[in-house]
Amino acid sequence: MSHRPPRNVTRTLPARKRIALVAHDGKKEELLEWAARWEATLAEHALIGTGTTAERISRQLGLEVEGLMSGPLGGDQQIGARIAEQRLDLLIFFWDPFAPQPHDPDVKALLRLAALWNVPVACNAASADFMISSPWLDRDYEMTVPDAGAWVSSRTA
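Below you will find a few notes about this structure. (Residues numbered from 1 in each chain as written. Predicted model: local features only at pLDDT ≥ 70, side-chain atom pairs only at ≥ 80, totals over all residues. Heavy atoms only, no water.)

1. Some thoughts on the nonpolar core
Cut-off, in case you're wondering: Among the buried residues, those of types Ala, Val, Leu, Ile, Met, Phe, Trp, Tyr and Cys that are joined through side-chain atoms within 4.5 Å form a nonpolar core. When accessible area is computed with a 1.4 Å probe and restricted to protein chains, residues below 20% of their type maximum are described as buried, those above 50% as exposed, and intermediate ones as partly exposed. Helix and strand labels come from DSSP, where a helix needs a run of H or I of at least four residues and a strand needs a run of E of at least two; each type is numbered from the N terminus.
In this structure, I19, W34 and I92 are the most contacted members of the largest nonpolar core, which totals 23 residues. Among the elements of the structure, β2 (18-23), α1 (28-37), α3 (51-61), β5 (90-94) and α6 (125-132) are those that each provide at least two residues to this core. Counting residues in each nonpolar core, the second largest holds 17 residues, with V22, I48, L88 and A114 among its members.

The following block contains the structure:
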C-alpha cells in the first residue's frame, strides 16, 4: 500500500488567480511595499489574506482583499483548507526566519499542504516578483495534483 497519493489528476488554475497574501508581524511592512509595487497586477486577481495583513493591504492600497482570521487564531488553517479544497491558486507568504512564532506547527502544516497540492509558493519579495511576473499569471495553467479519491480508496480497500 502506497502512503503517497498518485499525482495523475489534472487541475487548471484559472486566468484570474486566487492569491493568498500572508505575512508574519516582522514582514508585514515588506509585504505591503511589495503589494504596492504590484498593485495594478494584484487588482486583476482575487485576493485573500489573514488578519491584519488583509486589513492593511485593503486600507492602505485600496485593493479588495477577503479577510480571514489572524494566523495564530486559525487563519493559517483557513488558507490550508482552501488549498485542500483546490480553491487557492498562489500563496505569497512572507514568513520571518528570525522570529519564532507561537503557531509554527500551523505554518508548517500550511506549507506542507501547498507542497502536496502543487500550489506555487513565494516566501520573500524576490520569489514573489518572479511568481507575479510569470507569463502563466494571467492565463489558464494546467498542472497535476494528487488523486485524493484513489488514495482514500486504496487505504480503505
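Moving on, there is more to tell.
2. Re helix α4 (residues 75-84)
For clarity, the threshold we go by: By definition, the arc is the one covered by directions from the helix axis to the C-beta atoms. Contact definition: two residues touch when any of their heavy atoms are within 4.5 Å.
Taken together, the buried positions of α4 are occupied by G75, D76, I79, G80, R82 and I83. Angularly, the buried residues of α4 cover 155 degrees about the axis, an arc narrow enough to put them on a single face. Here the buried face of α4 lies against β2, β3 (46-50), β4 (65-68), β5 and α5 (104-116). Looking at the residues trailing α4, positive phi occurs at Q86, about 60 degrees.

3. Thoughts on the pattern of salt bridges
This is how it is decided: A side-chain nitrogen of Lys or Arg and a carboxyl oxygen of Asp or Glu constitute a salt bridge if their distance falls within 4 Å.
Under the defined criterion, the tally for this structure stands at nine salt bridges. Between E29 and R56 there is a salt bridge, with the nearest N and O atoms lying 2.1 Å from each other. You can see E29 sitting in helix α1 and its partner R56 sitting in helix α3, a full 27 residues away along the chain. Given the relative accessible area of 43%, E29 is considered partly exposed. A relative accessible area of 18% places R56 in the buried class. Bridged by salt links that share partners, the residues R11, R18 and D89 form one connected network.

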